[in-house]
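What follows is each chain in one-letter form.
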Amino acid sequence: MEIPKKDDKNQRLGVTFHRTFPLNRPAIIQILRTSSAKKEAKKVSRIEFTENTTLGSIYLESMPRWGWGSGLLTFEKSLTAFGKYSCEYDSLLDQPGTQWLMHYHLSAPHGPGPTFWHEAVTRLFYAGNIFTAEELAETIGNFIWQTENRILAKRSVQSTATIFLGTYLKPDGLNKIRLLEATESGRYRVCEPNPAPIWAIACALVDYWQANYPGRLGIGLDMLSESPFIKLFLIGQSRLMEVLQAMQEAGYVEIHRTAPPYQVVLVRQDTEGLLNKLYGTD
């Protein structure tokens, strides 16, 4: 399939990783519980998932990939810090903060989600935008052509567009954050979503910073406020400042605004303190 090799430093999902199944939280929960029960920090095998879940053979291929792409699992299928907290404190993956973080990891420009996901979200997801499934499929197909110099089969593109839509529309997907709704005319409207919790955005920001500004303790506030990051959460500069101020109070960043250009300094690079706040365990 399109899963990268183990030694690939840019490990991320391929275009048809989903095997025609959208993200399904109940199925992913079974995967997480199996990974959580493993004592050794070793890769969970296909046999272990088969023996400890009720999932069919295709689900056993696609759902661990969804778990990885949404930031809950590592490439080796062990729980990430986010996966551990959500598994323990949001066992149904039902809280908006959990679903916003899953959306973020799928959509982040550096992965682990597929490259087209970031393109589709940043191009189409702004409040009030209405688009068709055909326009989404065209966005995906054109992006793959421009970045990988290959033409996907029409059936694969259409299937992938359907999976993308289903992930945000289906009750078992990420519909708790209300990013999309279907219209009576068969189109899709980007909603004014329920705002992402501050601590979910903060967790995502630490991850985004480490991936996109590696080795930099400080960056310009303007650089951050104009980055694709805020598009992933459909927020503006005022909400970003609320997040940064909360992070400063929690000891994660320092904001220097005595004279332009204003700077933000990352003080802590772990996310566990932020996850504690997100799930109310601090």
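So, how was this worked out
- Residues numbered from 1 in each chain as written.
- Predicted model: local features only at pLDDT ≥ 70, side-chain atom pairs only at ≥ 80, totals over all residues.
- Heavy atoms only, no water.
- 1 Å grid on protein atoms, 1.4 Å probe; cavity = no way out; pocket = protein on both sides within 12 Å on 5 of 7 lines; lining within 4 Å.
- Points joined across faces, edges and corners; volume = space filled by probe spheres on them.
- Helix = DSSP H or I, 4+ residues; strand = E, 2+ residues; numbered from the N terminus.
- Nonpolar A, V, L, I, M, F, W, Y, C, P; charged D, E, K, R; others polar.
- Expected span 1.5 Å × (residues − 1).
- Buried < 20%, exposed > 50% of the residue type's maximum accessible area, 1.4 Å probe, protein only.
- Salt bridge = Lys/Arg side-chain N within 4 Å of Asp/Glu carboxyl O.
- Pairing = 2+ DSSP bridges.
- Axes fitted to C-alpha atoms, helices over the stretch in contact; angles between N-to-C directions.
- Contact = heavy atoms within 4.5 Å.
- Core = buried A, V, L, I, M, F, W, Y, C linked by side-chain atoms within 4.5 Å.

1. Overview of the layout of surface pockets
By volume, the largest pocket amounts to about 420 Å³. Lining the largest pocket are 21 residues; nearest its centre among them are Gly 71, Thr 80, His 105, Pro 112 and Asp 207. Per element, the largest residue contribution to the lining of the largest pocket is five residues, and it comes from helix α9 (residues 198-212). Taken together, the residues of the lining of the largest pocket sort by class into eleven nonpolar, nine polar and one charged. Taken as a whole, the second largest pocket encloses approximately 280 Å³ of empty space. In terms of lining, the second largest pocket is formed by 14 residues, of which the most central are Lys 43, Glu 61, Pro 64, Arg 65 and Lys 77.

2. Considerations on helix α8 (residues 154-169)
With 16 residues, α8 should reach 22 Å at 1.5 Å per residue; the first-to-last C-alpha distance of 22 Å fits that figure. Looking only at α8, the buried set comprises Val 157, Thr 160, Ala 161, Ile 163, Phe 164, Leu 165, Gly 166, Thr 167 and Tyr 168.

3. Some remarks on the pattern of salt bridges
In the structure shown here, the tally under the stated rule is nine salt bridges. Asp 94 is the salt-bridge partner of Lys 176, the closest N and O atoms lying 3.0 Å from each other. Here Asp 94 lies in the loop between α4 (81-89) and α5 (96-107) and Lys 176 lies in the loop between α8 and β2 (180-182), a separation of 82 residues in the sequence. Residue class for Lys 176 comes out partly exposed when judged on its relative accessible area of 34%. Judged by its relative accessible area of 29%, Asp 94 falls in the partly exposed class.

4. Quick look at the sheet that holds strand β4 (residues 218-220)
Strand order across the open sheet formed by three strands is β4-β6-β5, with antiparallel pairing between neighbours. Edge positions in the open sheet fall to β4 and β5 (253-256), since each of these has one partner strand only. On average, each strand axis in the sheet is inclined to that of its neighbour by 20°, with strand direction left out of account. One ladder, built from four bridges, connects β5 with strand β6 (residues 263-266); its direction is antiparallel. When the sheet's bridge partners are listed, Val 253 is paired in β6 with Leu 266. Each of β4 and β6 touches α9; the most contacted strand, β6, lies at about 95° to it. Of the strands in this sheet, β5 and β6 are in contact with helix α12 (residues 237-249), which crosses β5 at around 120°.

5. Here we look at the nonpolar core
Formed by 87 residues in total, the largest nonpolar core has its most connected members in Phe 125 and Phe 233. Looking at this core element by element, the count peaks at nine residues for α9. Look past the residues within four positions of Phe 125 in its chain and what remains in contact with it is Ala 120, Phe 131, Phe 164, Tyr 168, Leu 179, Leu 180, Val 190, Lys 231 and Leu 234.

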